Amino acid sequence: MDAPHPQIVGVFDSGVGGLSVLPALRRSLPAARLVYVADSGHAPYGERDDAWLVNRCHLIARFLRAQGAHMMVMACNTATAAAAHSLRSHYPHWPIVGIEPGIKPAVQHSALGRVGVMATSATLRSTRFERLLAEHGQGAQVVAQACTGLAMAIEQGDEPQIERLVMQHTQAMRDAGVDSVVMGCTHYPFARPWIERAMGPGVNLVDTADAVARRAAQVALPMSTDGHLAPDESPDDPADDAARNPAPCEFWTSGDPAALEAFARRWLAWTVTAEPLPDLQAQQPGC
Ligand code: DGL
């Protein structure tokens, strides 16, 4: 019998941030082929307006569909906040998983009831964030901080700038004595050592990559490549299977492919090849 075609999962972020979600996705979907778009040529998303973000996310979604993606993971809080609703309305039968700041787990884990949220200004001004706060922030003191410049410093690997911006943007959280900090941007897990140092011991950092990967696996589970129920082919231990037999991962970037390859090698210990992303504006619509 022919081997089944792998499920193709499109993943994107404004740049390298979504790489903080890829290991969890690989563990939860070991047989899937991941196609990752780093839109580094247009980062930072967090300082763009909503109309621009919606348009850009539609162009990337169209590109990922043209690559055969059966579903899409928006590995970007800013893109999810601005465009998930519009994308889901446009593609009602195409599963789309977004990522949101983990206010709920942060509040649950806060013994003091004081929580910090680090995110982009576009995420913090969104109605999705307002709703998240209303649903899960009840009863807690929430210090939300727009971390302007931090995603870009991470994108550029500028460590002195990362350290300076982390110290600056965590000041209000230190002053408030929060004991739980949400990393509400997928770039920020790459600044974890600096955030931990700035916040000091005993402060819990919340990252939602595992939750997103679990959600992606739930959405993917009932589908085979033809959209019908797949037979149960799960290995006994998917993580072991992924390590032995890694499914292919494809990388595209609107920035410098060598920079993305170097970032993946440094932070994930993955040796990857990245391709230049075509000009999406010039691509013919059709999907
Ligand atoms: N990584 C993105 C997020 O999760 C945004 C970074 C940017 O501003 O481009 O929000």
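Here, every reference points to the structure presented above.
Computed from a prediction, not measured in an experiment: that's the story for all the values here.

Cut-offs and rules
- Residues numbered from 1 in each chain as written.
- Predicted model: local features only at pLDDT ≥ 70, side-chain atom pairs only at ≥ 80, totals over all residues.
- Heavy atoms only, no water.
- Helix = DSSP H or I, 4+ residues; strand = E, 2+ residues; numbered from the N terminus.
- Buried < 20%, exposed > 50% of the residue type's maximum accessible area, 1.4 Å probe, protein only.
- Contact = heavy atoms within 4.5 Å.
- Areas by Shrake-Rupley, 256 points an atom, 1.4 Å probe, with all protein chains shown as cover.
- Pairing = 2+ DSSP bridges.
- Axes fitted to C-alpha atoms, helices over the stretch in contact; angles between N-to-C directions.
- Right-handed = clockwise from strand over helix to strand, strands pointing away.
- 1 Å grid on protein atoms, 1.4 Å probe; cavity = no way out; pocket = protein on both sides within 12 Å on 5 of 7 lines; lining within 4 Å.
- Points joined across faces, edges and corners; volume = space filled by probe spheres on them.
- Near = heavy atom within 4 Å.
- Nonpolar A, V, L, I, M, F, W, Y, C, P; charged D, E, K, R; others polar.
- Phe/Tyr/Trp six-rings, centres within 6.5 Å; stacked < 30°, edge-to-face > 60°.
- Lys NZ or Arg CZ within 6 Å of the ring centre and 35° of its normal.
- Arc of directions from axis to C-beta.

A.B. asks: With reference to specific residues and values, describe the overall build of the chain.
C.D. replies: Along the backbone of the chain there are 13 helices and ten strands. A total of 287 residues make up the chain; the buried ones form 50% of that total. Sequence-distant contacts in the chain: of pairs separated by 6 or more residues, those separated by 24 or more amount to 76%. Entry remark: accessible area of the chain is about 13,100 Å², with carbon and sulfur atoms responsible for 51%.

A.B. asks: So, the sheet that holds strand S2 (residues 33–38): which residues are in play, and what are the values?
C.D. replies: To summarise the sheet geometry, strands pair through backbone hydrogen bonds and adopt either a parallel or an antiparallel arrangement. Pairing within the open sheet is parallel, and its six strands lie in the order S4-S3-S1-S2-S9-S10. In this open sheet, the two edge strands, each paired with only one partner strand, are strand S4 (96–97) and strand S10 (274–276). Pairing between strand S1 (residues 8–13) and strand S3 (residues 71–74): four bridges, direction parallel. Note on S3: the bridge partner recorded for Val11 is Val73. Helix-sheet contacts for helix H11 (residues 209–220) involve S3 and S4, and the interaxial angle to S3 is about 170 degrees. The strands that helix H13 (residues 257–268) touches are S2, strand S9 (249–253) and S10; relative to S10, the one it contacts most, it runs at about 160 degrees.

A.B. asks: If you had to explain the pairing of strand S7 (residues 180–183) to someone new, which residues and values would you point to?
C.D. replies: Where burial is concerned, the two faces of S7 agree: the one with Ser180 and Val182 and the one with Val181 and Met183 are both buried. Where strand S5 (residues 114–119) and S7 come together, four bridges link them in parallel fashion. Considered in S7, the bridge of Met118 is made with Met183. Pairing geometry for S7 and strand S8 (residues 204–206), over three bridges, is parallel. What sits directly across from Ser180, in S8, is Asn204. Regarding the hand of the β-α-β motif, the stretch spanning S7, helix H10 (residues 192–199) and S8 is right-handed.

A.B. asks: Describe the layout of surface pockets, and please don't skip the residues or the numbers.
C.D. replies: Estimates place the volume of the second largest pocket at around 450 Å³. In terms of lining, the second largest pocket is formed by 20 residues, of which the most central are Gly98, Ile99, Glu100, Ala211 and Val212. Secondary-structure elements contributing two or more residues to the lining of the second largest pocket are helix H3 (77–90), helix H4 (103–109), helix H6 (127–136) and H11. Top element by residues in the lining of the second largest pocket is H6. It accounts for five residues.

A.B. asks: Break down unusual backbone geometry for me, with residues and values.
C.D. replies: Between Ala43 and the following residue, Pro44, the backbone shows a cis peptide bond with an omega angle of 0 degrees. Within the secondary structure, Pro44 sits in the loop between S2 and helix H2 (50–66). Although it is not a glycine, Ala269 sits at a positive phi angle of roughly 60 degrees.

A.B. asks: Would you mind going over the sheet that holds strand S6 (residues 141–146) in detail, with residue names and values included?
C.D. replies: Read across the open sheet, the four strands follow the order S6-S5-S7-S8; overall the sheet is parallel. Of all the strands in the sheet, just S6 and S8 have a single pairing partner and so form its edges. Across this sheet, the average inter-strand angle for adjacent strands is 20 degrees, counted without regard to direction.

A.B. asks: If you had to explain the site of the ligand to someone new, which residues and values would you point to?
C.D. replies: With respect to spatial proximity, 13 residues lie near the ligand, and among them Ser14, Tyr45, Gly46, Thr78 and His187 are the closest. In isolation the ligand exposes 300 Å². Once the protein is present, 99% of that is buried. Per-class residue counts for the shell around the ligand are five nonpolar, seven polar and one charged.

A.B. asks: Run through the packing of aromatic side chains, naming residues and quoting values.
C.D. replies: In the structure shown here, the tally under the stated rule is seven aromatic pairs. Ring geometry for Tyr36 versus Phe251: centroids 5.7 Å apart, planes at 50 degrees, classification tilted. Linking Tyr36 in strand S2 with Phe251 in strand S9, this pair joins segments that are 215 residues apart in sequence. The exposure classification of Tyr36 matches that of Phe251, with both residues buried. Taken together through their ring pairs, the aromatic side chains of Phe190, Phe263 and Trp267 make up a single cluster. When the ring centre of Trp270 is taken as origin, the NZ or CZ atom of Arg26, which lies over that ring, is 4.9 Å away.

A.B. asks: For H6, give the residues involved together with the corresponding values.
C.D. replies: Those residues of H6 that fall on the buried side of the exposure criterion are Arg128, Phe129 and Leu132. When H6 is viewed along its axis, its buried side chains cluster within an angular range of 95 degrees and face the same direction. Away from the buried face of H6 by more than 90 degrees, exposed residues Thr127 and Glu130 are located. Among the structural elements, H3, H4, S5, helix H5 (121–124) and S6 are those in contact with the buried residues of H6.

Note that all results are geometric; they support no functional claim without further evidence.
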